[in-house]
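Tertiary structure, described
Here are the chains, one letter per residue:
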Amino acid sequence: MKVIIDREHLVRSVQDVMKAVSSRTTIPILTGIKIVASEQGVTLTGSDSDISIESFIPAEEKDRIIVDVIQQGSVVLQARFFSEIVRKLPKETVQIEVKDQFVTTIRSGKAEFHLNGLDPEEYPRLPQIQEENMFKVPADLLKHVIRQTVFAVSTSETRPILTGVNWRIENNELTCIATDSHRLAMRKAKVKTESEAYFNIVIPGKSLNELNKILEESNELVHIVVTENQILFKTKHLLFFSRLLDGNYPDTSRLIPTDSQTDVIVKTKEFLQAIDRASLLAREGRNNVVRLSTLADKIVEISSNSPEIGKVVEEVQCEQVEGEELKISFSAKYMMDALKALEGTEIKISFTGAMRPFLIRPLHDDSMLQLILPVRTY
């Protein structure tokens, strides 16, 4: 194999596929990046058997030659070294040449590296996916949907299914739910599906985080294909495969209260900053708990008390406070995560008592909600 390739394009592709390469894999060849040169261009693949990413660099784009394929072929190179080398090469173009025994020469300007490559035939094949069940989502919407839910997945392996985000599609609507059993994030979005598709799948939170880093903010449509145990996200030059989690996601609809005893409408930014300040002293304690109490004249009081450090009290002027008086305690971190995920300048918080989960929603938007379980404080 012998190719001359634009360095900037190569760096970007390598960075994308590196997100799937793990140093802690039981299959040694997966610590490498597979490089395949064909007439159309160069394809790079990285995988840790949970996630696989394939990035394609076309031979030419917009009448500009990006890759000159002198000899077709393939090789697997150690990802850690290859990515560092490519990033630090001196010139705009890189020549990659593979000789006997997969010894690979990488040249740029006066710099020349020799890397011992591996046999690409030993690299696991990517899943072949039949594109029957497919739907399309604009990249920027997909990024929002991921960002607004994935933070709420569980980090504990005791219930593996909760480390993923539940995606359901019905009547051309995608509903994404994540919960770690102390909080829940939900986001709905309209999608274009092929025929009246119905899915109910659980995607690992880790996969969605990596996908989010790679996707660019654009309105380019991402094609999403679902099979029994895999999901594939396709953009113009990228394939992102992830395995799906086995098992049934718990029915969370019962958790979401339909009625409320106390409703508070408040400006998102002011409320977030007040919670942030209250958590300054709470952070030292093991639980990071703040208290919210409703007062007269549309005011809520946010307070926190750490016996060994001190206490903080702040009043926040609300747009509206309706219903019964309330004192409730909750995790400041969970509240701040939820507020950062919501869009809109004003939010509505609906409480159903001091010991029941409460809902946070943007004021005029039903497509997203956050739910948090309160903390018992005695």
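Here the residue index of a chain counts from 1 through its sequence in written order. Only residues with pLDDT of 70 or above have their local features reported here, since the model is predicted, and side-chain atom pairs are shown and tallied only from 80 upward, although totals for entire chains, interfaces and linings are computed over all residues. Think of the side-chain values as coming from all heavy atoms in the structure, minus any hydrogens and water.

Turning next to the overall build of the protein. Helix and strand assignments follow DSSP, with helices taken as H or I runs no shorter than four residues and strands as E runs no shorter than two, numbered in order from the N terminus. When its secondary structure is counted, the protein shows 6 helices and 29 strands. For the exposure calls, accessible area comes from a 1.4 Å probe over protein chains only, and a residue counts as buried if that area is under 20% of its type's maximum, exposed if over 50%, partly exposed in between. Burial status across the protein gives 51% buried among its 378 residues. Two residues qualify as a contact provided that any one of their heavy atoms is within 4.5 Å of a heavy atom in the partner residue. Counted over contacts in the protein with a minimum sequence separation of 6, partners at least 24 positions apart contribute 66%. Accessible area for the protein stands at about 19,400 Å²; split by element, carbon and sulfur atoms hold 46% of it. The centroid of the 47 positive side-chain charges in the protein is displaced by 4 Å from the centroid of its 54 negative side-chain charges. With residues, only the protein chains shown are counted as cover, and all accessible areas are computed by Shrake-Rupley using a 1.4 Å probe. When charges are counted, Lys and Arg contribute as positive and Asp and Glu as negative, whereas His and the chain ends are disregarded. Every charge is mapped onto a representative atom, which is NZ of Lys, CZ of Arg, CG of Asp or CD of Glu.

Right, let's get into the sheet that holds strand 29 (residues 368-372). Strands are treated as partners if at least two bridges between them are detected by DSSP. Pairing in this open sheet of 9 strands is antiparallel, and the strands run 17-13-14-15-29-28-27-21-25 from one edge to the other. Both edges of this open sheet fall to strand 17 (199-204) and strand 25 (320-323), since each of them pairs with a single strand only. Strand-to-strand twist in this sheet, taken as the mean axis angle between neighbours without regard to direction, amounts to 15 degrees. The pairing of strand 27 (residues 346-351) with strand 28 (residues 358-362) spans 4 bridges and is antiparallel. Across the sheet, the residue bridging to Ile 349 is Ile 360, located in strand 28. Axis lines are fitted to C-alpha atoms, over the contacting stretch for helices. Their N-to-C directions set the angle, which ranges from 0 to 180 degrees. Helix-sheet contacts for helix 4 (residues 205-214) involve strand 13 (164-170) and strand 17, and the interaxial angle to strand 17 is about 80 degrees.

Domain borders in the structure are assigned automatically or taken from a domain database. One can read the domain layout of the protein as domain 1 (2-122), domain 2 (134-253) and domain 3 (256-372). Here the C-alpha centroids of domain 1 and domain 2 sit 29 Å apart. Contact residues are listed per partner, giving 12 residues for domain 1 and 13 residues for domain 2. Summed over both partners, the accessible area lost on bringing two parts together, with a 1.4 Å probe, is the buried area. Summing both partners gives a buried area of about 1,200 Å² for domain 1 against domain 2, and 53% of it is carried by carbon and sulfur. Interface area lost by domain 1 to domain 2 is led by Lys 19, Asp 50 and Ile 51, which between them contribute 42%. A carboxyl oxygen of Asp or Glu within 4 Å of a side-chain nitrogen of Lys or Arg is what we treat as a salt bridge. Our enumeration of links across domain 1 and domain 2 arrives at 3 salt bridges. Here Asp 50 ties to Arg 243 by a salt bridge, and the two come within 2.7 Å at their closest N and O atoms. Residues adjacent in sequence count toward polar contacts only when both atoms are side-chain atoms; beyond that, a polar contact is any pair of N or O atoms within 3.5 Å, and within protein one must be able to donate a hydrogen and the other to accept it. Our enumeration of links across domain 1 and domain 2 arrives at 6 residue pairs in polar contact (both at pLDDT 80 or more). For the side of domain 1 that touches domain 2, the element with the most residues is strand 4 (residues 51-58), which contributes 7 residues. Looking at the side of domain 1 that touches domain 2 residue by residue, the classes come out as 4 nonpolar, 2 polar and 6 charged. In the scheme used here, Gly and all other residues not listed as nonpolar or charged are polar, with Ala, Val, Leu, Ile, Met, Phe, Trp, Tyr, Cys and Pro taken as nonpolar and Asp, Glu, Lys and Arg as charged.

For the rest of this paragraph, the subject is the nonpolar core. What tends to happen in soluble globular proteins is that the nonpolar side chains get buried as a cluster. Leu 10, Leu 44, Phe 82, Leu 142, Trp 167 and Phe 233 are the most contacted members of the largest nonpolar core, which totals 65 residues. The two domains that each donate at least three residues to this core are domain 1 (2-122) and domain 2 (134-253). Counting 31 residues, the second-largest nonpolar core is a separate cluster that includes Val 266, Leu 272, Ile 302 and Ile 372. Side-chain atoms within 4.5 Å link the members of a nonpolar core, which is a set of buried Ala, Val, Leu, Ile, Met, Phe, Trp, Tyr and Cys residues.

Moving on, we get to the packing of helix 3 (residues 139-147) against helix 4. Two elements in contact, helix 3 and helix 4, have axes whose closest approach is 10 Å; the angle formed by their N-to-C orientations is 140 degrees. Here helix 3 lies oblique to helix 4, going by the angle between them. In this structure, the crossing between helix 3 and helix 4 has a hand that is left-handed. Contact residues: Leu 142, Lys 143, Ile 146 and Arg 147 in helix 3; Leu 208, Leu 211 and Asn 212 in helix 4. Tallied by class, the residues present in the contact of helix 3 with helix 4 amount to 4 nonpolar, 1 polar and 2 charged. Here the word oblique covers every angle except those under 35 degrees (roughly parallel), over 145 (roughly antiparallel) and from 65 to 115 (roughly perpendicular). Note on convention: near helix rotated counterclockwise from far helix by under a right angle means a left-handed crossing. Clockwise means right-handed.

We now examine unusual backbone geometry. Across the chain, the bulk of peptide bonds are trans and the bulk of non-glycine residues have phi less than zero. Unlike most non-glycine residues, Ser 49 shows phi in positive territory, near 70 degrees. On the basis of relative accessible area, Ser 49 is assigned to the partly exposed category, the value being 48%. The residue Phe 102 is not glycine, and still its phi comes out positive at about 65 degrees. Within the secondary structure layout, Phe 102 lies in the loop between strand 9 (93-98) and strand 10 (103-108).

Glancing now at the packing of aromatic side chains. Any two of the Phe, Tyr and Trp rings considered here, Trp counted by its six-membered ring, make a pair once their centres fall within 6.5 Å; the pair's planes then place it as stacked at under 30 degrees, edge-to-face at over 60, or tilted in between. This structure, assessed with the given rule, holds 5 aromatic pairs. Both rings, one in Phe 135 and one in Phe 199, keep their centres 5.7 Å apart while their planes meet at 40 degrees; by these two values the pair is tilted. Of the two residues, Phe 135 sits in strand 12 (residues 134-138) while Phe 199 sits in strand 17, which places them 64 residues apart along the sequence. Take Phe 135 and Phe 199: they sit in the same class, and that class is buried.

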